Amino acid sequence: MPKDRVFTWDEVKNFPIANVMSIHALVYKTQSLRESGIVLPEHTFYVDNILAYKPLPYTRKLFYMDIDLYHYFIGRSDQSVNINNLVKRYAQHVRVMKEIIDAYSYEDIIKLPKPLKNYMLHYIGTIAMNTLLFMGAEDSPERRRDYKEFWQYFKGRDLRLYRKIRHFSYPAITNLMPWRFRGWAMVLGYKILCKVLKLG
């Protein structure tokens, strides 16, 4: 993104695989939030993923500052982003992911300016990958059932978006792995990423 000046989505380049705009680094105009009609689910963790996504089509001008708006110190065992809690609360990730799926159809997304369209598909793929990571981190009949139900829900809501994300985005990697190896590999990858990004 250009720095320290106003610009539009047309100037935004593709994001690398591990990069998304998290809510900790975003500030929206109130009008954009109102226009998006966003309502966050109550009593749910990880709703920041919805807030970082749904208002985006209502943002027409952007301004990027290369500063830290928010410091999040990771390390306490009771934090929502502790790896054990992320794995335990996988159902909350699924709930948030369903809200993201429901927000816009594939037809809505492809009508957006190309850089915004590309970013929104990138974002859905990234959050879907995280959801599957924490769901697959442990092996149980319940988790296997919820995995199937998640993809059935996605397919039923929007077949084109489902195909795009499941077969041509980051979750496609997991389709080739046996369940037990998938969970181990994804959690290991997450821990390595945290070390690279100095998140813990």
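About the criteria used
Residues numbered from 1 in each chain as written. Predicted model: local features only at pLDDT ≥ 70, side-chain atom pairs only at ≥ 80, totals over all residues. Heavy atoms only, no water. Phe/Tyr/Trp six-rings, centres within 6.5 Å; stacked < 30°, edge-to-face > 60°. Buried < 20%, exposed > 50% of the residue type's maximum accessible area, 1.4 Å probe, protein only. Helix = DSSP H or I, 4+ residues; strand = E, 2+ residues; numbered from the N terminus. Lys NZ or Arg CZ within 6 Å of the ring centre and 35° of its normal.

A. Looking closely at the packing of aromatic side chains. Enumeration according to the criterion identifies eleven aromatic pairs in this entry. Look at F45 and Y46: their rings are 5.8 Å apart centre to centre, the planes differ by 45 degrees, and that puts the pair in the tilted class. Overall, F45 belongs to the partly exposed group, its relative accessible area being 35%. Judged by its relative accessible area of 8%, Y46 is buried. Ring plane angle 65 degrees and centroid distance 5.9 Å describe the contact between Y53 and Y104, whose orientation is recorded as edge-to-face. Of this pair, Y53 sits in the loop between α2 (48–51) and β2 (62–63) while Y104 is found in the loop between α4 (90–103) and α5 (106–110), placing the two residues 51 residues apart along the sequence. You'll find Y53 and Y104 in the same group, each marked buried. Three or more aromatic residues link up through ring pairs in this structure, and these residues are W9, F15, Y53, Y104, Y119 and Y123. A cation sits over an aromatic face here: R89 above F45, 3.9 Å from the ring centre.

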